[in-house]
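Here's the letter readout for the chains.
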Amino acid sequence: MNVPGLEGYNWAVWLIGVLVFAVVIGVFIAAIVRAGKRPPQLHSAVERLQREAGQGTDVQAKLRELDLRRQGGQISETEYEAMRAAVLAGK
């Protein structure tokens, strides 16, 4: 089955296939490079919640400490309120 002109068609199909393959590989490599340049993200919502919960317990501990100091008479009520507001504001 030697059809005249088929060889040129075969070469064209082969060339188009090679070019498409090269473009796909190039896009894949570009995506990898782009992903490597992104800033690190949290891996999951669980990690974000654990991080936020850790900050919450720190605030609670500071508030408990302030309350104990107020009850012990080490600081006045006005000082307690000012310090409490600062802790809740994150200062």
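Here the structure is a predicted model, which means the values were calculated and not measured.

J.: I tried to follow the overall build of the protein chain on my own but got confused; where do I start?
T.: The helix and strand tally for the protein chain stands at three helices and zero strands. Moving toward the C terminus, one meets the helices and strands of the protein chain in the order α-α-α. In the protein chain, buried positions account for 5% of the 91 residues. Split by element, the accessible area of the protein chain, about 8000 Å² in all, is 64% carbon and sulfur.

J.: Is there a simple way to explain the packing of aromatic side chains in this structure?
T.: To describe a pair of aromatic rings, one takes the distance between the centres and the angle between the planes. Summed over the entire model, instances satisfying the criterion amount to zero aromatic pairs. Residue placement shows Arg70 over the ring face of Tyr80; its charged tip is 4.5 Å from the ring centre.

J.: So what exactly am I meant to see when it comes to the nonpolar core here?
T.: A general tendency of soluble globular proteins is for nonpolar side chains to be buried together. Of all hydrophobic cores here, the largest spans five residues; its members are Leu63, Leu66, Ile75, Tyr80 and Val87. Other than its neighbours up to four places away in sequence, Leu63 contacts Arg84, Val87 and Leu88.

J.: Is there a simple way to think about the pattern of salt bridges in this case?
T.: Where charged atoms from two side chains of opposite charge come close, those side chains can pair. Scanning the entire structure with this criterion turns up two salt bridges. When the shortest N-O distance is used, the salt bridge between Arg70 and Asp67 registers 2.4 Å. Highlighted residues: Arg70 and Asp67, both in helix H2 (residues 45-71), separated by three residues, approximately one helical turn. According to the relative accessible area criterion, Arg70 is partly exposed, its value standing at 26%. For Glu77, the salt bridge is made with Arg70, and the minimal N-O distance between the two is 3.4 Å. Given the relative accessible area of 43%, Glu77 is considered partly exposed.

J.: For this particular structure, what's the right way to read the confidence of the model for the protein chain?
T.: Chain-level pLDDT for the protein chain is 81 on average; 74% of the residues reach the 70-or-more range. Within the protein chain, the lowest mean pLDDT, 77, falls on H2, and the highest, 88, falls on helix H1 (residues 6-37).

J.: Before we go on, may I ask you to explain helix H3 (residues 77-89) in this structure?
T.: For the α-helix, the turn length of 3.6 residues means that residues three or four positions removed from each other point alike. Taking 1.5 Å of rise per residue, 13 residues should cover 18 Å, and H3 covers 18 Å from first to last C-alpha, within 8% of that figure. Remark: Gly90 follows H3 within two positions and exhibits a positive phi of approximately 90°.

J.: Whenever I open this one, the environment of Glu77 confuses me. Can you help?
T.: On the secondary structure map, Glu77 appears in helix H3. Each C-alpha atom of the pair Glu77 and Asp67 lies 9.8 Å from the other, and the pair is 10 residues apart in sequence.

J.: How should the environment of Leu88 be read in this particular structure?
T.: Within the element layout of this structure, Leu88 appears in helix H3. Along the chain, Leu88 and Leu63 lie 25 residues apart, while their C-alpha atoms are 8.5 Å from each other. Apart from the residues lying within four places of it in its own chain, the contact partners of Leu88 are Val59 and Leu63.

Thresholds applied
Residues numbered from 1 in each chain as written. Predicted model: local features only at pLDDT ≥ 70, side-chain atom pairs only at ≥ 80, totals over all residues. Heavy atoms only, no water. Helix = DSSP H or I, 4+ residues; strand = E, 2+ residues; numbered from the N terminus. Buried < 20%, exposed > 50% of the residue type's maximum accessible area, 1.4 Å probe, protein only. Areas by Shrake-Rupley, 256 points an atom, 1.4 Å probe, with all protein chains shown as cover. Phe/Tyr/Trp six-rings, centres within 6.5 Å; stacked < 30°, edge-to-face > 60°. Lys NZ or Arg CZ within 6 Å of the ring centre and 35° of its normal. Core = buried A, V, L, I, M, F, W, Y, C linked by side-chain atoms within 4.5 Å. Contact = heavy atoms within 4.5 Å. Salt bridge = Lys/Arg side-chain N within 4 Å of Asp/Glu carboxyl O. pLDDT = per-residue confidence, 0-100. Expected span 1.5 Å × (residues − 1).

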